[in-house]
Each structure stands twice: as C-alpha cells, then as structure tokens.
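Secondary and tertiary structure notes
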2 protein chains.
Amino acid sequence: MVKANGARSLQDLVDEKANLVEYFYNDTLAPHYRARTGLTAAFIPPEFTNWRDEQRAWRETAILFDQSHHMPELMLKGPDAFRLLEKLGINSLANFTIDRAKQFVACTPRGHVIGDCVVYRLAEEKFELISGMPVLNWVQFNAEQGGYDVTIERDDPTPYNPTGRRWFYRFQLEGPNAGLIFNAAVEGGAPEIAFFRTAKVKIGGCEVLVLRHGMAGHLGAELSGPYEDMEKVRAALLRAGEAHGLKQGGTKTYFSTIFEFGWMPYPLPGIYTGEELRDFRQWLSGNGWEANAQLGGSFVSDNIEDYYVTPWDLGYGHILKFDHDFIGREALEALPVEKRRQKVTLVWNRDDVAAIFASCLGDGPRYKAIDLPVAYYGWPQFDEVRGRDGMLVGHSCHCGYSNNEGEMLSLAMLDVQNATPGTEVTLTWGEPRGGSRKPHVERHEQFKVRAVVAPVPYASSVQKMKRAAIS
Amino acid sequence: MVKANGARSLQDLVDEKANLVEYFYNDTLAPHYRARTGLTAAFIPPEFTNWRDEQRAWRETAILFDQSHHMPELMLKGPDAFRLLEKLGINSLANFTIDRAKQFVACTPRGHVIGDCVVYRLAEEKFELISGMPVLNWVQFNAEQGGYDVTIERDDPTPYNPTGRRWFYRFQLEGPNAGLIFNAAVEGGAPEIAFFRTAKVKIGGCEVLVLRHGMAGHLGAELSGPYEDMEKVRAALLRAGEAHGLKQGGTKTYFSTIFEFGWMPYPLPGIYTGEELRDFRQWLSGNGWEANAQLGGSFVSDNIEDYYVTPWDLGYGHILKFDHDFIGREALEALPVEKRRQKVTLVWNRDDVAAIFASCLGDGPRYKAIDLPVAYYGWPQFDEVRGRDGMLVGHSCHCGYSNNEGEMLSLAMLDVQNATPGTEVTLTWGEPRGGSRKPHVERHEQFKVRAVVAPVPYASSVQKMKRAAIS
C-alpha cells in the first residue's frame, strides 16, 4: 500500500484536512472493513455452516480458520534485520531463537502504538512479519531510511495482490480437540512444541511450518506453507478432524473470537501528528490503510491524539521490556502510572441489549443496530465509557456477541480506578446526531448501556491457558 | 442445469431416496441459498451502504438493484414459440403483443405450480424468459419433447456460467423517485409506458430495453441491454439519481423486499411424484436445482406432495385464465374452492419476536435465530400456522424484517376461513428436535409466535398501486 513515486502522501492528506477526525469519522472506507465482503467473500465465506455453531466448535470441539487471504506479509532479510526489529519493537528479543515467533509491537517516538504483528524468525537473518499493515509500513520505512543492511519483500492480501495469489497459505487450528487433530494429521507423529515455538512437520505429504498458538485457550496451531500446497493440507486436516467435530470457520466467526480471547487488533496508529513523523507521513500513501482509518462510535473528539493508545491500553504491559533501546522507550518510561489504562472486558447488561434489539420493531426510536456476531462498525471503534458520576473513564472498542457466553462483550481501555472486575459503568452505544455519514452506518439514536467490568480474556478457558503458558 | 448425456437423473435420485422430504430437509444446499454468498458476493455486495437505509431508500426515495447475475435466462425462438408458451402457461396470452412482458406461471398436469418467470415478447417469434430455473427447465423439456418447431438457448447465472459473463445486464429501478430518475436519465425524454409494457430508450449513450414494473408501489423500471453496456448505463442512472436520493441496493435488501410487496419466489415445484412426469424427471439432472430443494421450517411431512402448491396458494388466481388449453387446466378447474388457499401476510407479534431476539443472551433456551433482514432459511420455508383451536390452517413461507414497517412479516398460504385480515394465528418458529441437519441451521429450540393475518402486499403503497394498475 506504499504510494507510487510522486503520488499524494499521507502528509498531503493531513495538510488538506482541517479536521482529520471529522474526515476519518465520516468519509473513509477502511480497507479491512467487515462490510466489504466483496473483497474476501470470494475467497473465504462469511459462514461455512453457521457462525453460531462455528463459535461453539471453537469452544467445544475444534475449528479450522483460513487466514490465507486477509493479512499482509513482509519478508525482512539481511545482516541488520535483527537490529532493525530490536530498534522498533517494544518487545525483548533476547530469547528470539529461530524456532520462535513473537507478537511484535512498535511505537512512535512519543510512545503511541503504531501496530502489532506476528513475526517468525525463519533463519538467522530472515524474519517473516504477518498482519498489521501500519506496522509493516513502519518497518519498511525504517529499513529504507535508517541505514540498515536489509532487504524487504511485501506480499499483499489476495484481493489486491498484483499476482492474484499469496506466498503462503495459512490455517489456524483451534479448540479443545485441536491437539488431537494435529497429532492425527501429522505424518509420523507430532513433535512436542512449546507455546509460540515453531517446528516443521509433514501433513498431507507437504512440509508445513507450525506455530503453537492457542487462541481459544487450548492447544492450537498456525500452519503455513507454499500457497500451492493449500488444498492438500486443508484436506488432510479436515480428514483428521472428522472424528473430532472439526468445523471450518467463516469470517463472521473468525472476526468474533476476539471478544472472548481479548486481542485488540488494529488500533489507530499514533502517526498523524508530530514533526518527528513528518518524513514517515510523506513516505506513506495518501490513499493507503493509514489514510483510510474509519473512526466510529459515540466518542468524538476534535483531536486525533485522543484516539492514540499506549501499549498498556492494549494490554501489552507484559511484553513491554526496557532491556533494550527502542523507539518510544523514553516516552514510555516517562509515562506516569496513572496514565496507563487497563484493558478489560465489558459485559453488557442483557436487558439493555434486548431493548436495543427490540427497538427495530414498531415506530419508536431505532437505536444503533447490533449486528451479530460482530457489532463494532468503526475501524477502530471508540465508544464512551462513563463511571457512576458521569465522568469519562475510558473507551470501549471492539464489541460483539459470543454464543458461547450468551453475552454481548466489548474490549475496553479504562482508567485504573475503574478497571476492577465488578465495576459498573455506562457505555454510550451509537453515534451522536443520528449517526455519522459513514455509509454503512444507518440512521439511529443513541442508547446508554449498563455494563460490568470483567477480566480479559473473558473466556475462562482462555484465562487459564494464558496464566499457564505465558511467562 | 440440465444433465449431461447419460448422467444421473432426478428420477434416479427419487428412486434412491426412501424419503425424499427427509433428504431435502437435511442434506441439500440450495443453489440459490442466501448463505452461499461466495456465489454472488463477488458480483453484488450484500450491502452497498447498509440494508436498513437501503430498505428505506426503496420506500422513500429510490433504489437501483443489480439483477445481472443471479437469474437464469432462456431464449425461445421459432414459429411454435407462442403455441408452446400458451400450452404451458396458466396465463392468458390473448393480449401478448411485442411491447409487453408477463409474469408467466406453469403447472403440472395435476395443477401444481412448477414455477414462475418473467417473459418478454421481443419479436413475433422470439421470447425471453427470465428467472425461475424449474419453469425454464420445463419449457425446454417440452420444447424438445413436444414436437414444437422452436429453438432454445440458455444463459446461466454468472457464478456458473461457462462463459463467465451474461448475455444481458439487468437493473431494477424502484421507489417513489424512480420515475423522476428515469426521466432524467433517458436521452431525449422518457416515453409514456403502461404497466408491464416495454419500450426502447437511450441511457448513457446505449440502447436500453425498459419494462415498466413498479415493485415498490411506484413507477419502477427493469432495464436491460447488452452485458458490455452495463457500467455505462449504471453510471448514467447513478448520475441521474444523485439529486433524488438514489442508493444502490445489495442482495440483503434485494431479497428482503418481498415481505412488503408479496411475491413468493421459488415454490417447491410439484414434479417429484406422478407417472405422468417420469419422463421430465428422467430428463432433469440428479444434481440440478430441482434435486437440491432445501426444505426448512417447523412443518415436516413424510409426503412431498404436502409441499406442493396451486396458483391460488401463491396469489395467482387473478392471472389464471381458462380461456385457452394448457397443461393443468382440467385439474385446476376441478379443484374445489375450499382447497384453494389464500396468500396473506402474517404480522408477527412484536413481544414474541423480541423474546426470540433476547434468547441469544444468557443460558436459557436459544430459539431459532431470526437473521435480519432475511429470516427464512429453507428454500422453500414451510412453517406451521395453527388457528385458535390448534388445528393446522396453513403454512408460512418467506419471512423477514422490514425496517420501513418496523415489523417481522411472512408470506403465508392459509385456508380461506383463516385468511381474513385480523385473524389471530400461531406460527411455530424453528425446527423440531433441535433442528435439522442442514449445515446453516444452528442448534435451537422452537418457539410459538403469535401473528395476525394482514393483506398482501402488506405495504400500503404497494396495495394502492396494484389496485390502480393491474386489471
């Protein structure tokens, strides 16, 4: 998504727009926006069977997600590759051996998150970065401008990949039976693989790179390999899964697992302001992902910086390590503890949710519709969360429904004082003044939803796994 | 969808299955089933903006639907073409001049509906039949076997059209501003066109065949022409519509207009039984549309004939004309008046609908989910409708939600005694025993929904138009 030479840059867009929030709140269409099913439905159906039973399979048996099409990739090679990643990542890379992968998080000099991705160390000087367009762009920009001895190759999502295909297929196998299925599928028996470690195995006659993952709180695996092996590997996995209740998961289920397991994908990158990032904005396209943020929800501020987030806000406090020099370190070290928000789950009041559902009937006010299972309509979503005294205590972001929990859940960033499980808060659902101009937002009125703070991840099985597996 | 020479026939399937209903109720995936968005979403998005506002545009301003991809077509030519249609159609063709189109309905010898389609008379001996795969197959079968001097050409829906494209694009322009937009778009001014008459006009520099239609109770038009003109005509219509609130309608809106305007598409063709249709079944593919009916809903009978319908059940009494000899005439003339059911709209009780919505929250029973705006999940859907005494009084078929009316509506076929507007009935929502094996039906429990009989079409504006325009 990097601009062609001489074309309009993100800086040009920022210079043009008197009020960038106004623009992002009304007039953009996010590249990954879920309503743009035309982009992906030709590759992955919204539902293979139905999302309700697919969600159940994720929790009760096993599910196979196809991640082959929607995530950008970047291949970083060269003697300075490690040094570049260490300079950009808030993570410690001290133990980053070549049988490991990491969730990689990068920040601006002011300590605001640009984005996160998964990075595999494929060889001593070869790293594969997956997902997270803004962070991939940031890595490429620094690789090109920072005097590093590295090479960069990019592989775009299928719908706009100039080659019409990807480097790699990528499957995610999750659920309580995922381990059984993995063992049954691997030829010659599956090796022991520790959490977030990788190994090479043989499935369906093909060599497969496997990352031990475990999103649903069970043994899980991310499987990848040459694109042309995709159907052979898929078939072998489905065959192995027949006896264990394996279902394929469509995009509705895929994008709705986060409410239970707590990942907050694609925050607004904190790159739109500050002289120190002008070069980066001039390098970025004026029509790329960063130029098509799509703010939505009840929170509206004239200041785009009010949408920036820190690693703590997204729950990355445990991977932020001051054991190395990295961009943003000083700012993060200087951030007062009281400005570090906490990631929580909000459990929405059932009567209030039912009232929103019921408002589609009759002539009364129509509250913002809650689409199931993915209810958020901003990219990112920012809904106001207020405490008992009516003061703003944080923001609710990704929201949706879990058929497993029987609840509407959202992932929120709250002030520490209001982040204790059990705290009662109020979330404003819907946009002011009848709704923004975003074309996918119907005319509606706002509704105040009572909610209770809960831990994140919400799903008890996920909570248990995380405690056991991540040190 | 006609079988290749020597392949398995529909008769083979019928012979194989001890219980055809059991098979259709559990193990098929209808070719047109709405969850198969992979088939059409690459061509027409589910939502251009959002279905709620698109439904409103249909009622309040104007909407442009794209019908270019999902409907099969058949071109019938030759000296005997008219005679063939007259023999198969229950309609009178007495006034079928070449500036007209008709809704064409064909029945079996026993008087059960096979299907309906729109037929244009393009020239003295040339007819274009659009939509209705079973009726197109029936026309082709009779053309080939009945000793008629005609030729047949077929054009399949885009997703499985061997040429990858269609003969014609086809747009539908509807809504109160449709007339204004049509007039603005036609070069040199729009001609006066009577209801269901056709004319040729120029739009965007292209010659366009226009049928005056009027689905939403307003001046409306179906526009078609050579496939390569599609984007030029679309652009001209959108340009003309800018000042009049024209929106493009996605498939969600397109398939949800029927609840307001009352058409019951794709009944189960009455062709699975009877020796007199054995030849037709042997001619049909064992894997075509007729072999992939997908029965769904609370009504379950072991006898497939219980799903057959007559023209009266679908509200075609007014186009059934005994002024010509046609297949099914004797049976229809002999059908006692008390066996002619009436097509009605059912307005579902709001509290009951809200209770179904709310059942997704908490640990209580999950009733069959009502997906919005299209809630029916069978193809066709057959839900039991019972009167006050608990006796079965008919079947509720297509059901869904109208944002314009703020109601859940269904189209039902009821015994005459229970078809009076205002009659209170009970509809059983959901399938027995936790739900069928149909993969898109989630595990659920049944719920009895109170409903009130209302006229069809339900939308008051449509009612008014129909009274004024159809004689």
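Chain A has the name Glycine cleavage system aminomethyltransferase T in an unreviewed UniProt entry, where Rhizobium esperanzae is given as its organism.

A word on the overall build of chain A. Of the regular secondary structure elements, chain A holds 14 helices and 17 strands. Relative to the 2.2 N^0.38 estimate, which gives 23 Å for 471 residues, the radius of gyration of chain A is 22 Å and therefore close to what a compact globule would have. In terms of principal-axis extent, the alpha carbons of chain A reach across some 60 × 55 × 40 Å. For chain A, the residues scored as buried account for 62% of the 471 residues in total. Long-range contacts, defined here as pairs at least 24 residues apart, represent 72% of the contacts in chain A between residues at least 6 apart. Carbon and sulfur atoms provide 49% of the accessible area of chain A, an area that totals close to 17,300 Å². Distance between charge centroids for chain A: 2 Å, based on 51 positive and 60 negative side chains.

Our next topic: the interface of chain A and chain B. If you look at the interface, chain A gives 31 residues, while chain B gives 31 residues. When chain A packs against chain B, the two sides together hide about 2,700 Å² of surface, and 55% of this comes from carbon and sulfur. With a shortest N-O distance of 3.4 Å, A:Asp371 and B:Arg52 are connected by a salt bridge. At the junction of chain A with chain B, the criterion picks out 13 residue pairs in polar contact (both at pLDDT 80 or more). Taken together, the elements giving at least two residues each to the side of chain A that touches chain B come down to helix H3 (37-40), helix H4 (51-60), helix H13 (350-358) and strand S15 (407-414) of chain A. The biggest single contributor to the side of chain A that touches chain B is H13(A), with 5 residues. Class assignment for the residues of the side of chain A that touches chain B results in 14 nonpolar, 8 polar and 9 charged.

Turning next to the relation of the copies chain A and chain B. You can overlay chain A on chain B at an RMSD of 0.0 Å; the transform is a turn of 180 degrees with a shift of 0.0 Å along its axis. With respect to symmetry, the two chain copies, as superposed, fit the operation of a two-fold axis. The C-alpha atom lying nearest the rotation axis in chain A is that of A:Ala42; the distance is 2.7 Å. Most of the interface of chain A is mirrored in chain B, where 100% of its interface residues again form contacts.

Opposite charge on two side chains permits pairing when their charged atoms draw close. As enumerated under the stated definition, the model contains 60 salt bridges over all chains in all. Note that A:Arg234 and A:Glu231 form a salt bridge whose closest N and O atoms lie 2.9 Å from each other. Taken as a pair, A:Arg234 and A:Glu231 lie in helix H8 (residues 230-241) at a separation of 3 residues, close to a single helical turn. Residue A:Glu231 is classed as partly exposed on the basis of its relative accessible area of 46%. In this structure, B:Glu305 engages B:Arg110 in a salt bridge whose closest nitrogen and oxygen atoms are separated by 3.6 Å. Taken together, the positions of B:Glu305 in the loop between helix H11 (278-283) and helix H12 (329-334) and B:Arg110 in the loop between strand S3 (101-107) and strand S4 (113-123) put the pair 195 residues apart, joining distant regions of the chain. Three or more residues joined by partner-sharing salt bridges are found here, namely A:Glu73, A:Glu128, A:Arg170 and A:Glu222.

A word on the nonpolar core. Core analysis: the biggest nonpolar cluster contains 109 residues, and A:Leu346, A:Trp348, A:Trp429, B:Leu346, B:Trp348 and B:Trp429 have the highest contact counts within it. The contact partners of B:Leu346, leaving out residues within four places of it in the chain, are B:Val385, B:Ser396, B:Met408, B:Leu409, B:Ser410, B:Ala412, B:Leu414, B:Val425, B:Leu427, B:Ala451, B:Val452 and B:Val453.

With that settled, the discussion passes to the pairing of S3(B). Residues and elements named next belong to chain B. Most of S3 is tucked away: 6 of the 7 residues are buried. Two elements, S3 and S4, share 7 bridges in a ladder whose sense is antiparallel. Bridging from a neighbouring strand, Phe104 pairs with Cys117 of S4. The loop that links S3 with its antiparallel partner S4 comprises 5 residues; one of these, Gly111, has a positive phi angle of about 90 degrees.

Okay, the UniProt feature "binding site: substrate" (unreviewed entry) in chain A next. Residues and elements named next belong to chain A. As annotated in UniProt, the feature "binding site: substrate" (unreviewed entry) corresponds to Glu222 in the numbering used here. By the secondary structure assignment, Glu222 is in strand S10 (residues 221-226). The residues touching Glu222, leaving out its near neighbours within four places in the chain, are Gln67, Tyr120, Ile130, Arg170, Phe171, Gln172, Leu209, Val210, Leu211 and His213. A distance of 2.8 Å separates a polar atom in the side chain of Glu222 from a polar atom in the side chain of Tyr120.

A few words now on the sheet that holds strand S11 (residues 246-249) of chain A. Strand pairs in the sheet, formed through backbone hydrogen bonds, run parallel or antiparallel to each other. Residues and elements named next belong to chain A. Ordered by their spatial adjacency, 6 strands build an open sheet running S8-S9-S10-S7-S1-S11, and the pairing between neighbours is mixed. Pairing within the sheet leaves two strands with one partner each, and these edge strands are strand S8 (198-203) and S11. Averaged over all adjacent pairs, the angle separating strand axes in this sheet is 30 degrees, with direction ignored. Taken together, the 4 bridges between strand S1 (residues 62-66) and strand S7 (residues 168-174) define a ladder with antiparallel strand orientation. Across the sheet, Asp66 pairs through a bridge with Phe171, a residue of S7. In this fold H4 packs onto S1, S7 and S11, with an angle of close to 115 degrees to the strand it touches most, S1. Against the sheet, H8 touches S1, S7, S8, strand S9 (206-212), S10 and S11, its axis set at about 15 degrees to S7.

Scoring rules and cut-offs
Residues numbered from 1 in each chain as written. Chains lettered and ligands numbered in written order. Predicted model: local features only at pLDDT ≥ 70, side-chain atom pairs only at ≥ 80, totals over all residues. Heavy atoms only, no water. Helix = DSSP H or I, 4+ residues; strand = E, 2+ residues; numbered from the N terminus. Rg over C-alpha atoms; globule rule 2.2 N^0.38 Å. Buried < 20%, exposed > 50% of the residue type's maximum accessible area, 1.4 Å probe, protein only. Contact = heavy atoms within 4.5 Å. Areas by Shrake-Rupley, 256 points an atom, 1.4 Å probe, with all protein chains shown as cover. Lys, Arg positive; Asp, Glu negative; His and termini not counted. Charge placed at Lys NZ, Arg CZ, Asp CG, Glu CD. Buried area = accessible area lost by both parts, 1.4 Å probe. Salt bridge = Lys/Arg side-chain N within 4 Å of Asp/Glu carboxyl O. Polar contact = N/O pair within 3.5 Å; in protein donor to acceptor, adjacent residues only side chain to side chain. Nonpolar A, V, L, I, M, F, W, Y, C, P; charged D, E, K, R; others polar. Least-squares fit on C-alpha atoms with pLDDT ≥ 70 in both. Core = buried A, V, L, I, M, F, W, Y, C linked by side-chain atoms within 4.5 Å. Pairing = 2+ DSSP bridges. UniProt positions renumbered as here; feature names shortened; annotations may be inferred. Axes fitted to C-alpha atoms, helices over the stretch in contact; angles between N-to-C directions.

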